[in-house]
Amino acid sequence: MSQSNVVFATNRNTTREDLFARAVEISAELSGRAADLEREGRPPLAEIVKLKNAGLLNALHPTEIGGGGLDWVDGLRLVRILARGESSIGQLLGYHYVNSQYIYWALEEARARALGSETVAKNLYWGAAVNPRDPGLVLTRRGNGYVLNGRKSFSTAAHVSDYINANASLDDKVVGFAVPTNRPGYFANDDWDNFGQRLSDSGSVEFRNFTVYEEDFVGAPAAPDAAPPVLSTFNTPLIQLVFVNFYLGTAEGALAAAVDYVRTTTRPWVTSGVQRAAEDPYILERVGEFTASLKASVALADSAAATVQAGLAKGHHVTARERGEAAAEAYTAKIHATAVSLDITSRIFELTGARSTAERYRFDRFWRNVRTHTLHDPVFYKAKEVGEFVLNDKIPEVSLYS
């Protein structure tokens, strides 16, 4: 959990341009340290503090409570920018946006505003422990409240979170709640050993007699198969768009690193007939191909974000059909971004050459990061959902994956 007790002052004069400029600056700084950061693989506590100091954590909160007032199209662009510098930091920013904004969709207005105001004033980072394939957590009544026990094998931002969304079984129902991680009984483990997203702080968490109060609940306990309010289900297409944008940001970072390496280090091939590798026609062709693929995928991602934002803006009036249509757009972007990012991050070595595979560069981290996270949920199921929508007019079923 976060070790900082500092309460940051909110700058109400921060503009959209300020937030984007700060994101670009942080991303560039991260890019210069990314290989070392990944090699060390520690929870990125200092990096989260930088996001806090830059005002990026509060970018999507309403201006009336001191937030940046940005919409989701801009928020997802910020995720993409951060991922260019370090993929896991882009992921963490995006996860925070979804987890911290969920209160506005799931809680009644006054309570959501109060919790949002606290989040902005204290500059809180929000994580989650809600993996639906790993139930793990059980609430038990005790006195006037509840105690939470159990383990989640996967919880992104396990150490750096100030607040988390979680869900647990209560009798024969499921309940969601939002709680601070500095309460006694919360334990983040150092057991994330996957070959990618090394800084995503995605290890397991345990709750041992962790106190939960009635006021922590996000909605009433519900049957596992109960249909949630439509508005509250927008977290899924939005988290999928977070994936899309940090995949694409990672690919953009990979291509930028490769282009810099070609300009400064790659030697021209002996039969190329050119003096500089940057003049090699085959390298030029691949750079053009990769650039075109990325621009197309980014345009699709921004278009999908605008569609989801439009549905979300309808608030409680949004229909299941409108949610499904927006989700199909997001999942179309997910299919394309997965293919493009995996292709580019694996093929940059065709530009840079054999010496670029030296461990000190760790250029393979771009592919490892994308390859690791694109397995989060099988992309062919996203393709099936889009196919069902196009061919059979069937909107995606609502779940924490679709």
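Heads up: the structure comes first, above all this text.
Nothing here was measured: the structure is a model prediction, and the numbers come from that model. (Residues numbered from 1 in each chain as written. Predicted model: local features only at pLDDT ≥ 70, side-chain atom pairs only at ≥ 80, totals over all residues. Heavy atoms only, no water.)

Novice: Just give me the short version of helix H5 (residues 109-122), but keep the residues and values in it.
Specialist: For an α-helix, the turn length of 3.6 residues means that residues three or four places apart are oriented alike. The first and last C-alpha atoms of H5 sit 20 Å apart over 14 residues, in line with the 20 Å expected at 1.5 Å per residue. Of the positions making up H5, those classed as buried are Ala112, Leu115, Gly116, Thr119 and Val120. For H5, the buried positions fall inside an angular range of 140° around the axis, keeping them on one side. Contacts from the buried residues of H5 go to helix H4 (87-106), strand S1 (126-129) and strand S4 (163-170). Structurally, the start of H5 carries an N-cap: the backbone nitrogen of Ala110 is 3.1 Å from a side-chain oxygen of Glu108. A positive phi of about 55° marks Asn123, the residue just after H5. (Helix = DSSP H or I, 4+ residues; strand = E, 2+ residues; numbered from the N terminus. Expected span 1.5 Å × (residues − 1). Buried < 20%, exposed > 50% of the residue type's maximum accessible area, 1.4 Å probe, protein only. Arc of directions from axis to C-beta. Contact = heavy atoms within 4.5 Å. Polar contact = N/O pair within 3.5 Å; in protein donor to acceptor, adjacent residues only side chain to side chain.)

Novice: Give a description of empty space enclosed by the protein that names residues and reports values.
Specialist: Going through the model one piece at a time under the given rule, you end up with one cavity of 30 Å³ or more. Approximately 40 Å³ is the volume attributed to the largest cavity. Together, Ala34, Ala83, Arg84, Gly85, Glu86, Ser87, Thr250, Arg365, Phe366 and Asn369 line the largest cavity. Per-class residue counts for the lining of the largest cavity are three nonpolar, four polar and three charged. (1 Å grid on protein atoms, 1.4 Å probe; cavity = no way out; pocket = protein on both sides within 12 Å on 5 of 7 lines; lining within 4 Å. Points joined across faces, edges and corners; volume = space filled by probe spheres on them. Nonpolar A, V, L, I, M, F, W, Y, C, P; charged D, E, K, R; others polar.)

Novice: Outline the packing of aromatic side chains, supporting the account with residue identities and numerical values.
Specialist: Within the structure shown, the criterion is met by 17 aromatic pairs. Where Phe246 meets Tyr247, the ring centres are 5.1 Å apart and the plane angle is 80°; that geometry is what we call edge-to-face. The exposure class of Tyr247 is buried, given its relative accessible area of 0%. An aromatic cluster of at least three residues, connected via ring pairs, comprises Trp72, Tyr97, Tyr102 and Trp105. Between the NZ or CZ atom of Arg208 and the centre of the ring of Phe187, over which it lies, the distance is 4.0 Å. The cationic tip of Lys382 hangs over the ring face of Tyr331; the distance from NZ or CZ to the ring centre is 4.8 Å. (Phe/Tyr/Trp six-rings, centres within 6.5 Å; stacked < 30°, edge-to-face > 60°. Lys NZ or Arg CZ within 6 Å of the ring centre and 35° of its normal.)

Novice: Tell me about the pattern of salt bridges, residues and numbers included.
Specialist: One side chain can pair with another of opposite charge once the charged atoms of both are near each other. For the structure shown, the criterion picks out 35 salt bridges. Between Arg362 and Glu38 there is a salt bridge, and its shortest N-O distance comes to 2.7 Å. Of the two residues, Arg362 sits in the loop between helix H9 (349-352) and helix H10 (364-373) while Glu38 sits in helix H1 (residues 16-40), which places them 324 residues apart along the sequence. Residue classification places Glu38 among the buried residues on the basis of a relative accessible area of 2%. (Salt bridge = Lys/Arg side-chain N within 4 Å of Asp/Glu carboxyl O.)

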